[in-house]
Amino acid sequence: MIPYLDLRAQYLTIKDEIDTAIKDVVESCHFVLGEQVEAFESEFAKFCGTEYALGVNSGTSALHLALLAAGVKAGDEVITVSDTFVATAAAICYTGAIPVFVEIDPGSCTMDPAKIEAAITPRTKVIMPVHLYGGCADMDSINEIAARHNLIVIEDAAQAHGAEYRGRRAGGLSSIACFSFYPGKNLGAFGEGGAITTNNPDYAKRIQRLRDHGQSHKYYHDEVGYNYRMEAIQGAVLRVKLRHLEDWTVARRRHASSYQASLRVADVRLLEPLANTQPAWHIFPVFTPKRDALMEYLKNRGISTGIHYPIPVHLQRGFAHLGYREGDFPLTEQACNEVLSLPMYAEMPQQHLDEVVAAICDFSAAPADAAAEAIRAHS
């Protein structure tokens, strides 16, 4: 079986470092925030090219606190995209603000800047582009629009650790940015984790306070805050992994280049990252109207895949109150109906990649009835 992701393979390459880091935390008996988290924050800020990084307990919490630090409140509007993990919109709702969706650029599956200004109203406070699949959005255009309308830009960089835009890394491309360290991410914790990066000292100070019950110092609570603190073990694990992230990103880019070169002859559409970007390739998606059949075909060939994401946020039942309908964002809906995520992780053997490519090419070359028969034969 070819896995979609193999976290054990990653762990085995850094086992001694990880085991030592965890042992050190256990022996210190300092389990929440503390030296390991502070050290990781400093190292991650340097990696992203920012003055500050603040560790929290999840990417969702990072988004929530970034919005609060930016002054978002009930009744405000935040412009974002619907082709994203649901946390993007959920965090907006946590503040009492309203997610306002705009269409994507179909090639990159990131926010289309040409659609933003029509969505701006007097209640708009923030523009939140998503660096989906690990490829950066068109940040120059988005920042220019935001500056013209006196809006704040918050990057949802949950999938973009190490992604680059015009030679600068995600996390340092706007006023404030948010990362997830969910275990399957390019930089993944051994559990949940997240971070906010910024160059703004006021944002950093407020986020530091809000993540720790609103404390300015112990037992002095300046406002109502949250228990969004990063655990020390996650900080220690992330410090180890951060030292390897650049090499892992090189490997992912090598795998992506191999997929791109080999799949151009297949009957699938490939992602088209924007010019002047270097994706981190958290996900390698392909698109086809035959998505479900291809997914089943690959499963029967022993190949695991994923779908990121099958239903856009504006059509999720939990967000029906926003009033969107099917057909409101046809490019977003098409992407969600057609996307299939192929196996992608730094340690993936070339043989596995070659087998994935061969299976997709076989599916593409086979007549529709033959492909269906092959699926039935393996079922």
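**Examining the overall build of the chain**
Of the regular secondary structure elements, the chain holds twelve helices and 17 strands. On C-alpha atoms alone, the chain measures out to a radius of gyration of 21 Å, which is about the 21 Å that the 2.2 N^0.38 rule sets for 379 residues. Its C-alpha atoms put the chain at 70 × 55 × 35 Å along the principal axes. A buried classification covers 56% of the 379 residues belonging to the chain. Of the contacts formed within the chain by residues at least 6 apart in sequence, a portion of 71% connects residues at least 24 apart. Each charge class in the chain was averaged separately, 34 positive and 46 negative side chains, and the resulting centres sit 3 Å apart.

**Topic: the pattern of salt bridges**
Counted according to the given criterion, the structure contains 17 salt bridges. As a salt-bridge pair, Glu-27 and Lys-23 come within 2.7 Å of each other at their nearest N and O atoms. Within this pair, Glu-27 and its partner Lys-23 are both found in helix α2 (residues 15–28), separated by four residues, close to a single helical turn. You can call Lys-23 partly exposed: its relative accessible area is 47%.

**Remarks on the sheet that holds strand β9 (residues 168–169)**
Taken in spatial order, the three strands of this open sheet run β9-β8-β15, and their pairing is antiparallel. This sheet does not close on itself; its edge strands, each paired only once, are β9 and β15 (277–278). One ladder, built from two bridges, connects strand β8 (residues 164–165) with β15; its direction is antiparallel. Residue Glu-164 lies in a different strand from β15, and its bridge partner there is Gln-278.

**Describing the sheet that holds strand β6 (residues 124–127)**
Pairing is mixed in the open sheet, where seven strands are placed in the order β1-β11-β10-β7-β6-β2-β3. Looking at the sheet topology across the chains shown, the edges are occupied by β1 (52–56) and β3 (98–102). Ignoring which end each strand starts from, the neighbouring axes of this sheet average 25 degrees apart. Two elements, strand β10 (residues 176–180) and strand β11 (residues 194–198), share five bridges in a ladder whose sense is antiparallel. For Ser-180, the partnering residue across the bridge sits in β11 and is Gly-194.

**Digging into the side chain of Asn-186**
Residue placement: Asn-186 occurs in the loop between β10 and β11. Residue class for Asn-186 comes out buried when judged on its relative accessible area of 3%. Polar side-chain contacts of Asn-186 include one of 2.9 Å to the side chain of His-282. If we skip the residues at most four places from it in the chain, Asn-186 touches His-161, Leu-245, Trp-248, Arg-252, Ala-280, Trp-281 and His-282.

**Quick look at the pairing of strand β16 (residues 284–287)**
Side chains of β16 alternate between two faces, with Phe-284 and Val-286 and Pro-285 and Phe-287 buried alike. Note: strand β14 (residues 269–270) against β16, two bridges, orientation antiparallel. When the sheet's bridge partners are listed, Arg-269 is paired in β16 with Phe-287. Pairing between β16 and strand β17 (residues 339–342): four bridges, direction antiparallel. Considered in β17, the bridge of Phe-284 is made with Leu-342.

**As for the side chain of Lys-185**
Relative to the elements of secondary structure, Lys-185 occurs in the loop between β10 and β11. An unpaired buried charge is present at Lys-185: no salt bridge exists, and Glu-192, the closest side chain of opposite charge, is 7.8 Å distant. Among all residues touching Lys-185, those that are not within four sequence positions of it are Ala-158, Gln-159, His-161, Ser-180 and His-282.

**Some thoughts on the nonpolar core**
Note on soluble globular proteins: their nonpolar side chains tend to be buried together. Within the largest apolar cluster, 97 residues are counted, with the highest numbers of intra-cluster contacts made by Phe-44, Phe-181, Tyr-259, Leu-263, Phe-284 and Leu-342. When residues no more than four places from it in sequence are discounted, the contact partners of Tyr-259 are Phe-284, Leu-342, Pro-343, Met-344, Met-348, Leu-353, Val-356 and Val-357. Core analysis: the second largest hydrophobic core is formed by 28 residues, Leu-54, Leu-65, Ala-87 and Ala-204 among them.

Calculation rules
- Residues numbered from 1 in each chain as written.
- Predicted model: local features only at pLDDT ≥ 70, side-chain atom pairs only at ≥ 80, totals over all residues.
- Heavy atoms only, no water.
- Helix = DSSP H or I, 4+ residues; strand = E, 2+ residues; numbered from the N terminus.
- Rg over C-alpha atoms; globule rule 2.2 N^0.38 Å.
- Buried < 20%, exposed > 50% of the residue type's maximum accessible area, 1.4 Å probe, protein only.
- Contact = heavy atoms within 4.5 Å.
- Lys, Arg positive; Asp, Glu negative; His and termini not counted.
- Charge placed at Lys NZ, Arg CZ, Asp CG, Glu CD.
- Salt bridge = Lys/Arg side-chain N within 4 Å of Asp/Glu carboxyl O.
- Pairing = 2+ DSSP bridges.
- Axes fitted to C-alpha atoms, helices over the stretch in contact; angles between N-to-C directions.
- Polar contact = N/O pair within 3.5 Å; in protein donor to acceptor, adjacent residues only side chain to side chain.
- Core = buried A, V, L, I, M, F, W, Y, C linked by side-chain atoms within 4.5 Å.

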